[in-house]
Amino acid sequence: MNTHLRFWLGAAALGLLLVAALRLLGNDYAYFAGYFVLQYVVLASAWNILGGYAGYVNFGAAGFMAAGAYSAIVLRQALGLDLIPGIIFAALVAGLLGLGTGYLTLRLKGVYFSIATLCLSVVLQTLVVNWDYVGGSRGAYIIRPREIAPFVSYGEYLFIVMLVLAIGAAGIGRTVEMSRLGRGLQAIRDNERAAEAVGVPTLRLKLIATTLCGALMGVAGAPLPYYSGYLNPEAAFSLAYAVNAIAMPLIGGAGTWAGPVIGAVLLASLQQAATVTISSALNLWIVGWMLVIFVALFPKGILGWFRRKA
Amino acid sequence: MSTEVLLHARGVGKKFGGFVALAEVDIQLRPGERLGLIGPNGSGKSTFVNCISGDFAQHEGEVTLGGHQLGGLKPHRRARLGLARTFQLPQPFNSLSVLENVRVPLLFAGHAAEATERAMACLEQVEMAGKAHKLPKELTQVEQRRLELARAIALDPRLLIADEAMAGLSNAEVDQIIELLFKLNQAGTAVIMIEHIMRAVTAFSERLVVFVAGRKIADGLPREVLALPEVEGAYLGKQ
């Protein structure tokens, strides 16, 4: 059996097990917490495509995620369409945003590129705050149904949608890693000038990466208004998304498809545990400390540490 | 000897602000020719290479390779037209194995299906097949130079620009690299060797070009060029 098929079958089996386990548990909070963790699997996998493989650090994850969330709101306001079309539309909008951002900023290198992506997030937030159609600074409400057949609750439905998206994002990351695109991006990360000199079309690959990265971040954000029932710019453009999107792949092991998944599951679970046991204000404090510890002691993340041991 | 022109640089010049790094350089190279390019530090050799390879996209004059205008083409497009180069300091892809380093150009040159076999063949040519699964940081200086050459060979180049490919090597290692360059040349690749090691340049080159202060001051057979008083004065420091 080829490795791709094995991955998809394994992921599907794991997903089914997870759904069955949560259904047995029968607790709505478990779906809520599961969704929280899985949304970060998507976000971290998306960040990893550009930041992990190509070495271009994107500080604007919150901007792309919010672009996805507000795309879903716009589609609902304009056409009354629900979550799944909203996710597709969000992928399209955020993907185009990624392409445009890449085209304008990818001639910048290192920290200059990172600052440009951070600025993008600020510009988008200013736009949304002043755009009444999507609620402006007041925010927008989405009245979601209590349940949707054949799922036991809307929470389960959202969880399963996010589970499918998370498996898809990890699978896309894995496919990129094993493909010509992934090798090209790794060459760019190691030495862009040498990559160009041996025939790697660096700008084209980086544009593909920014588009893919933007689209996946948008996908991670699209269900957000349905998840909370209300979305305002402050929540959508939260610093937590930008920080977590970077911290999770770095802690798990950037530049590998499994690293962001491990980092997201570990860090998001810790944050959820801290939220319910201590305080939600501790979230970024935990992320900050973990990031410092990992950068100092395990710069290649958990996966890198295990590989070195092996 | 072929009269066909592989590389034709006409009036190539480059300024950095008010500083003229290169001015009105004309060079022609035939297919399979071995050209040595020498000159003191700051004479414009690397600037010329960067104009040819596309690192400096904006420059005066025009360059053609095999009849194709190179002006405005990015380095990767020039690489696909058969232009390969090595760097003064080896620039491997450090997170990739030696084999993967050589596979990268093949993946983007339409040889994805047989990239591994071809990469191994390139490594065998530079006697590095035994190090295929090492990381570049585990290689010695001369092995890193060999890796650069293997990566260049993978492009199946019509022209290789070896920019100080022997810097920092011992005499025996210099001989090994010269031997590799001869092998590559015998397979039909034209080579421009930019080098400060005169023993290597004179042993390898069938023609010599000398740059001083951004201008070409001599072009001809090595022994004739080296005997010119202006070359002796400018390059070798004699009166």
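Values in this document were obtained by computation on a predicted structure and should not be read as measured data. (Residues numbered from 1 in each chain as written. Chains lettered and ligands numbered in written order. Predicted model: local features only at pLDDT ≥ 70, side-chain atom pairs only at ≥ 80, totals over all residues.)

Trainee: Residue-level account of the overall build of chain A, with values.
Mentor: Broken down by element type, chain A carries 15 helices and two strands. Relative to its length of 310 residues, chain A is compact, with a C-alpha radius of gyration of 19 Å against a globular reference of 19 Å. The C-alpha extent of chain A, read off along each of the three principal axes, is 55 × 45 × 40 Å. Looking at chain A as a whole, 49% of its 310 residues are labelled buried. Sequence-distant contacts in chain A: of pairs separated by 6 or more residues, those separated by 24 or more amount to 76%. (Helix = DSSP H or I, 4+ residues; strand = E, 2+ residues; numbered from the N terminus. Rg over C-alpha atoms; globule rule 2.2 N^0.38 Å. Buried ≥ 20, exposed ≤ 12 C-beta atoms within 10 Å, placed from the backbone. Contact = placed C-beta atoms within 7 Å.)

Trainee: Outline the nonpolar core, listing residues and values.
Mentor: Residues and elements named next belong to chain A. One finds Val42 and Leu43 to be the most contacted residues of the largest nonpolar core, which totals 170 residues. For this core, the element with the highest residue contribution is helix H2 (residues 28-53), accounting for 13 residues. Apart from the residues lying within four places of it in its own chain, the contact partners of Leu43 are Ala61, Met65, Met217, Ala220, Tyr241, Asn244 and Ala245. (Core = buried A, V, L, I, M, F, W, Y, C linked by C-beta atoms within 7 Å.)

Trainee: Go over the packing of helix H5 (residues 141-153) of chain B against helix H6 (residues 171-186) of chain B, please, and point to the residues and values.
Mentor: Residue and element names in this part refer to chain B. H6 packs onto H5 with a crossing angle of 10 degrees between their chain directions and a minimal axis gap of 11 Å. Relative to H6, the element H5 lies roughly parallel. Counting all contacts with H5, which are made through Val142, Arg145, Leu149 and Ile153, the residues of H6 involved are Glu173, Gln176, Ile177, Leu180 and Leu184. Looking at the contact of H5 with H6 residue by residue, the class counts come to six nonpolar, one polar and two charged. (Axes fitted to C-alpha atoms, helices over the stretch in contact; angles between N-to-C directions. Parallel < 35°, antiparallel > 145°, perpendicular 65-115°, else oblique. Nonpolar A, V, L, I, M, F, W, Y, C, P; charged D, E, K, R; others polar.)

Trainee: If you had to explain the interface of chain A and chain B to someone new, which residues and values would you point to?
Mentor: In this complex, chain A contributes 16 residues to the contact, which on the side of chain B involves 22 residues. Looking at the side of chain A that touches chain B, the elements that each hand over two or more residues are helix H7 (180-190) and helix H8 (192-197) of chain A. Per-element accounting of the side of chain A that touches chain B gives the leading share, six residues, to H7 of chain A.

Trainee: Describe the packing of helix H12 (residues 239-252) of chain A against helix H13 (residues 258-277) of chain A, with residues and values.
Mentor: All names here are of chain A. Where H12 meets H13, the axes come as close as 7 Å, and the angle between the chain directions of the two elements is 115 degrees. Classed by the angle they form, the pair H12 and H13 counts as roughly perpendicular. Every pair of crossing elements has a handedness; the one defined by H12 and H13 is right-handed. On the side of H12, the interface is formed by Asn244, Ala247, Met248, Pro249, Ile251 and Gly252, while H13 contributes Gly259, Pro260, Val261, Ile262, Gly263, Ala264, Leu266 and Leu267. Of the residues that constitute the contact of H12 with H13, the class distribution is 10 nonpolar, four polar and no charged. (Left-handed = near helix turned anticlockwise from the far one by under 90°.)

Trainee: Please set out the pairing of strand E7 (residues 159-163) of chain B residue by residue, giving values where relevant.
Mentor: Residues and elements named next belong to chain B. Taken across its five residues, E7 has five buried, putting it largely inside the fold. Residues Leu159, Ile161 and Asp163 line one face of E7 and the alternating positions Leu160 and Ala162 line the opposite face, and both faces are buried. Bridge analysis of E7 against strand E8 (residues 190-194) gives five bridges, and the strand direction is parallel. Following the sheet pairing, Asp163 is matched in E8 by Ile194. Each parallel crossover has a hand, and for E7 linked through H6 to E8 it is right-handed. (Pairing = 2+ DSSP bridges. Right-handed = clockwise from strand over helix to strand, strands pointing away.)

Trainee: I'd like a rundown of the sheet that holds strand E2 (residues 19-29) of chain B, residues and numbers included.
Mentor: Residue and element names in this part refer to chain B. Pairing in this open sheet of four strands is antiparallel, and the strands run E2-E1-E4-E5 from one edge to the other. Looking along the sheet, the strands with just one partner apiece sit at the ends: E2 and strand E5 (68-69). In the sheet, strand E1 (residues 7-16) pairs with E2 via seven bridges, with the strands oriented antiparallel. Considered in E2, the bridge of Val12 is made with Val25.

Trainee: Please give an account of helix H3 (residues 61-79) of chain A that cites residues and values.
Mentor: All names here are of chain A. Compared with the 27 Å implied by 1.5 Å per residue over 19 residues, the 27 Å span of H3 between its first and last C-alpha is a close match. Of all 19 residues in H3, 14 are buried, a share of seventy percent or more. Phi turns positive one or two residues past the end of H3, at Gly80, with a value near 70 degrees. (Expected span 1.5 Å × (residues − 1).)

Trainee: Mind laying out unusual backbone geometry, listing which residues take part and the relevant values?
Mentor: For the peptide bond that leads from Ala149 of chain A to Pro150 of chain A, omega is 0 degrees, which places it in the cis range. Mapped onto the elements of the fold, Pro150 of chain A is located in the loop between strand E1 (140-141) and helix H6 (154-178). The residue Glu127 of chain B is not glycine, and still its phi comes out positive at about 55 degrees. A count of 14 C-beta atoms within 10 Å places Glu127 of chain B in the partly exposed class. The backbone of Asp156 of chain B shows a phi angle near 50 degrees, a positive value even though the residue is not glycine. Locating Asp156 of chain B in the fold gives a position in the loop between H5 and E7.

Trainee: Pulling in residues and values, what's your account of the sheet that holds E8 of chain B?
Mentor: Through backbone hydrogen bonds, the strands of a sheet pair up, either in parallel or in antiparallel fashion. Residues and elements named next belong to chain B. Taken together, the six strands give an open sheet; going across it, the order is E6-E7-E8-E3-E9-E10, and neighbouring strands pair in mixed fashion. Each having just a single partner strand, strand E6 (83-86) and strand E10 (215-220) make up the two edges of the open sheet. Strand after strand, the sheet turns through a mean of 15 degrees between neighbouring axes, direction not considered. Bridging between E6 and E7 involves four bridges; their strand directions are parallel. Counterpart to Thr86 in the pairing with E7 is Ala162.

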